[in-house]
Amino acid sequence: MLNLENDIRYIKGIGEKKAELFRKLGIFRVRDLIEHYPRGYMDWSDYKTVEECESGETVFIKAAMVSTVKEHMVRKGMTLYKCDFSDGKTVIRVTIFNNKYLAEALNIYKDYILYGKIEKKLTYAEMSSPKIESAQSGLGIKPIYHASEKLNSNAIQKAVKTALGSLDTLAETLSSDIRLKYNLASLDFAVRQIHFPDNFENLKKAKNRLIFEELLILQLGLLKLKSKRKKKTDFIISKNYTEEFFKLLPFKPTCAQVLAVNDCVGDMKKSFPMNRLIQGDVGSGKTAVAAGVIYSAVKNGYQAALMAPTEILAFQHYETLASFFKKSGIRIALLTGSASSAEKKKIKLSLLNGETDLIIGTHALIQNDVEFKNLALIITDEQHRFGVNQRANLAMKGAGVHTVVMSATPIPRTLALMIYGDLDISVLNELPPGRREIRTDVVDSRYHNRIYNFVKKAISRGEQAYIVCPLVDAANGNDLISVKAYAENLAGSVFKGVNIGLLYGKMKSADKEKIMRAFVDGSIKILVSTTVIEVGVDVPLATIMIIENAERFGLSQLHQLRGRVGRGNKKSYCILVSDSKSESSAERLNIMKKYSDGFFIADEDLKQRGPGDFFGNRQHGLPDLKIADMLSDMDTLKLCRECADDILKEDFNLDLPEYKALSLKITDMFGNSVPN
């Protein structure tokens, strides 16, 4: 028999070679395999007759094979196999491409289920390369898995079936009291039915159980993280220097900025560590808030650190804070991966000796050899780029340090309170004075020539433009514009002689930094990019944002992209290009045209696009979730918060036998960042 911790290669039928393919999907143990939940299902019992189908529809059809297979070699490497099926009324002419194994396995007069696109003709129908399964094999609801080119869904399904057949009844992780209170199925039932459901009712019960457990573990972990702040800190500040700091600024702060700084300074006067989220819309002035909090910490005799996700963003913060603090006596240093060994050594020594008050940097700040004399405050920018563990690693640089994380993605407050269970929240809901509203227009591709002329005039005035596309490379069979093809086309035609930059996610970090630096310093006039530029860098002379295939993006994402322009004092524009005829797409893009409030747009995004697209794949810096969705499972999330509160009130350390399994699951999800 297998156990959950066995290596994947011990499952019958999986040797070392195939095990390597599973490992590339993040599947190392039997546990990982059974927690590799299906991404969808196909109900092979839900079949139709040809008469009941619309031509062009993708359907299941039950039909008997009524002719032998005829082989046709089209050319070397391409063989077609043709045969006829009948559903009792209509003949279906089936063509199979290059699949000799399937063609030879078919038997005349036997019943099959065909799955594919049906094309109806006057007296017959056609299906090209349908999936074909024996109707006698008891087909029902079949799982579909996230797979790879060399390891398909069927191979994963076979491995899961073998593994489940070799496992004893799975040990329960939730107490009988919790299962009874929240009407939850057993773990063994849930795991077996999530992969191979007998019916949709059982599938629903299985999902409910597994989603509940995953969100309960998330909430327990976040609440335990929040409890860290209840431990005493030695870094208690005695004086609030906020008013003195605001006199250094070349502008008047907003009321929201003043409140946020005072929230943070007030936290740092308490006997337990601050753990606060500063949530603000694009351009709401989070950097000035960070500077205000840093000022009070340093003036009270402590060190501070600010971590940004990229070198160029770290450099911008360094320049901004250096300008704010130039008359303050605060000693600032910049530490990034590209610094020379000698520079790094010098900076690290100055931190250890207390000769540097504020260090700004990238992930380089969490390296083991970075030590501080009296670090009291840590700020992480663009919070969604950092996971809970990375925040914790930086916090470990000092015992009881105060922590601020900043996010430019507006989230409805009630949702934020549930998601950021380990943080208190301050919201920046005003724009600083002088921030000009960005004009937004929605047009179709017929306007391209006018748009390009508009960009040419802007460039002649010394301004710059972004062009965002949904794809890196051109994909077969769709009309989406790719950054590579777009940049090449523009450089060779309408913008010949203009320096055009190309940026996308899979480029090396050093290459991305180089391109962005060239755009910031103005040598690149047009930056053609995927959404990798949606957060962070300020380019004051970038006044035009063009978004191609705009219907492909969520409202919140479009709002983030729009926020890349309008960073200076010049009038700025966002042009959404879409040829979509969809009414819902038109409605969404018009919301962008009419509204600039990021919190309103975030609410609309939830309503219009649906929860699955709100955060995308990154789960917003939280641990990866395998089956739950933070938004569509919001009702369950609330129940789990209630359940987590009850459990921790009864047994905070989860020492009771009924909570031991949950304690192990928390460690699996969060690593060692959650206290026992």
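Since we're looking at a predicted model, the values are computed, not measured.

Reading the values: rules and limits
Residues numbered from 1 in each chain as written. Predicted model: local features only at pLDDT ≥ 70, side-chain atom pairs only at ≥ 80, totals over all residues. Heavy atoms only, no water. Core = buried A, V, L, I, M, F, W, Y, C linked by side-chain atoms within 4.5 Å. Buried < 20%, exposed > 50% of the residue type's maximum accessible area, 1.4 Å probe, protein only. Helix = DSSP H or I, 4+ residues; strand = E, 2+ residues; numbered from the N terminus. Contact = heavy atoms within 4.5 Å. Pairing = 2+ DSSP bridges. Axes fitted to C-alpha atoms, helices over the stretch in contact; angles between N-to-C directions. Expected span 1.5 Å × (residues − 1). Polar contact = N/O pair within 3.5 Å; in protein donor to acceptor, adjacent residues only side chain to side chain. pLDDT = per-residue confidence, 0-100. Phe/Tyr/Trp six-rings, centres within 6.5 Å; stacked < 30°, edge-to-face > 60°. Lys NZ or Arg CZ within 6 Å of the ring centre and 35° of its normal. Parallel < 35°, antiparallel > 145°, perpendicular 65-115°, else oblique. Nonpolar A, V, L, I, M, F, W, Y, C, P; charged D, E, K, R; others polar. Arc of directions from axis to C-beta.

Here we look at the nonpolar core
Here's step 1: Counting 58 residues, the largest nonpolar core has Phe22, Leu33, Ile178, Phe212, Leu216 and Ile647 as the members making the most contacts within it.
Here's step 2: Of all the elements in the fold, those that place two or more residues in this core are helix H1 (16–23), helix H2 (30–34), helix H4 (153–165), helix H6 (187–195), helix H7 (200–227), helix H21 (634–650) and helix H22 (660–670).
Here's step 3: For this core, the leading source of residues is H7, giving 13 residues.
Here's step 4: When near neighbours in sequence (up to four residues on either side) are disregarded, isoleucine 178 contacts Leu184, Phe212, Cys643, Ile647 and Tyr659.
Here's step 5: The next biggest cluster of nonpolar side chains, apart from the first, holds 56 residues, and it includes Tyr241, Ala256, Met274 and Val370.

Overview of the sheet that holds strand S13 (residues 358–361)
Hydrogen bonding along the main chain pairs the strands of a sheet, whether they run parallel or antiparallel.
Here's step 1: What the seven strands build is an open sheet, ordered S12-S13-S11-S14-S15-S10-S16; its pairing is parallel. The sheet is open, and its two edges are formed by strand S12 (332–335) and strand S16 (424–428), each paired on a single side. The sheet shows a mean angle of 20° between the axes of neighbouring strands, direction not considered.
Here's step 2: Bridging between strand S14 (residues 375–380) and strand S15 (residues 402–407) involves four bridges; their strand directions are parallel. When the sheet's bridge partners are listed, isoleucine 379 is paired in S15 with valine 404.
Here's step 3: Across the sheet, helix H9 (residues 255–268) lies against strand S10 (275–280), S14, S15 and S16, angled at about 160° from S16, the strand it touches most.

Digging into H7
Here's step 1: Helix length check: H7 (28 residues) gives 40 Å between terminal C-alpha atoms against 40 Å at 1.5 Å per residue, within 8%.
Here's step 2: By the criterion of burial, H7 is predominantly enclosed, with 21 of the 28 residues buried.
Here's step 3: Two to three positions downstream of the cap, the backbone nitrogen of glutamate 201 sits 3.2 Å from a side-chain oxygen, assigning the N-cap of H7 to asparagine 199.

Quick notes on the sheet that holds strand S19 (residues 500–503)
Here's step 1: With parallel pairing, the six strands of this open sheet are ordered in space as S17-S22-S21-S18-S20-S19. Only two strands of the sheet have a single partner each, and these edge strands are strand S17 (439–443) and S19. In this sheet, adjacent strand axes meet at a mean angle of 15° when their direction is disregarded.
Here's step 2: In this sheet, strand S20 (residues 526–529) lies alongside strand S18 (residues 464–468) in parallel orientation, the contact comprising four bridges. Bridge pairing links isoleucine 467 to valine 528 in S20.
Here's step 3: Along the sheet, helix H18 (residues 555–562) contacts S17, S18, strand S21 (542–547) and strand S22 (573–577); its crossing angle with S21, the most-contacted strand, is approximately 155°.
Here's step 4: Relative to the sheet, helix H19 (residues 583–594) contacts S17 and S22, its axis offset from that of S17 by approximately 155°.

Concerning the confidence of the model for the chain
Here's step 1: Looking at the chain as a whole, the pLDDT averages 86, with 89% of positions reaching at least 70.
Here's step 2: In the model, residues 609–620 has pLDDT below 50 throughout and makes 35 contacts with residues more than four positions away in sequence or in other chains.

Side note on the packing of aromatic side chains
The relative placement of two aromatic rings is captured by the distance of their centres and the angle of their planes.
Here's step 1: For the structure shown, the criterion picks out 16 aromatic pairs.
Here's step 2: Through pairs of rings, three or more aromatic residues link up here, namely Tyr241, Phe245, Phe246, Phe251, Tyr295, Phe324 and Phe325.
Here's step 3: One cation-aromatic arrangement involves arginine 517 over phenylalanine 315; the distance from NZ or CZ to the ring centre is 5.6 Å.

Some points on the pairing of strand S4 (residues 78–86)
Here's step 1: The element S4 is largely enclosed, with a buried count of seven among its nine residues.
Here's step 2: Where strand S2 (residues 58–65) and S4 come together, two bridges link them in antiparallel fashion. Across the sheet, the residue bridging to methionine 65 is phenylalanine 85, located in S4.
Here's step 3: Bridging between strand S3 (residues 70–75) and S4 involves five bridges; their strand directions are antiparallel. Across the sheet, methionine 73 pairs through a bridge with threonine 79, a residue of S4.

Points about the environment of glutamine 560
Here's step 1: In this fold, glutamine 560 is placed in helix H18.
Here's step 2: Taking the C-alpha atoms as reference points, glutamine 560 and glycine 598, 38 residues apart in sequence, are found 8.5 Å from one another.

Regarding the packing of H7 against H22
Here's step 1: Contact geometry for H7 and H22: axes closest at 9 Å, N-to-C directions at 80°. Regarding the angle of H7 to H22, the classification is roughly perpendicular. Between H7 and H22, the residues in contact are Glu213, Glu214, Leu216, Ile217, Leu218, Leu220, Gly221, Leu222, Lys224 and Leu225 and Leu662, Lys665, Ile666, Met669 and Phe670, respectively.
Here's step 2: Broken down by class, the residue content of the contact of H7 with H22 amounts to ten nonpolar, one polar and four charged.

Notes on the side chain of threonine 90
Here's step 1: Mapped onto the secondary structure, threonine 90 falls in the loop between S4 and strand S5 (91–97).
Here's step 2: Ignoring any residue separated from it by four or fewer positions in sequence, one finds threonine 90 in contact with Val50, Phe85, Tyr124 and Ala125.

Some points on helix H12 (residues 341–353)
Here's step 1: When the terminal C-alpha atoms of H12 are compared, their 18 Å separation across 13 residues agrees well with the 18 Å that a helix rising 1.5 Å per residue should span.
Here's step 2: Three or more residues of H12 are buried, namely Ile347, Lys348, Ser350 and Leu351. Projected down its long axis, H12 shows its buried positions confined to an angular sector of 160°, all on one face. Pointing more than 90 degrees away from the buried face of H12 are the exposed residues Ser341, Ala342, Lys345 and Lys346.
Here's step 3: Tucked into the core, H12 has its buried residues touching strand S11 (303–307), S12 and S13.
Here's step 4: Looking one or two residues past H12, glycine 354 carries a phi angle of roughly 80°, positive in sign.

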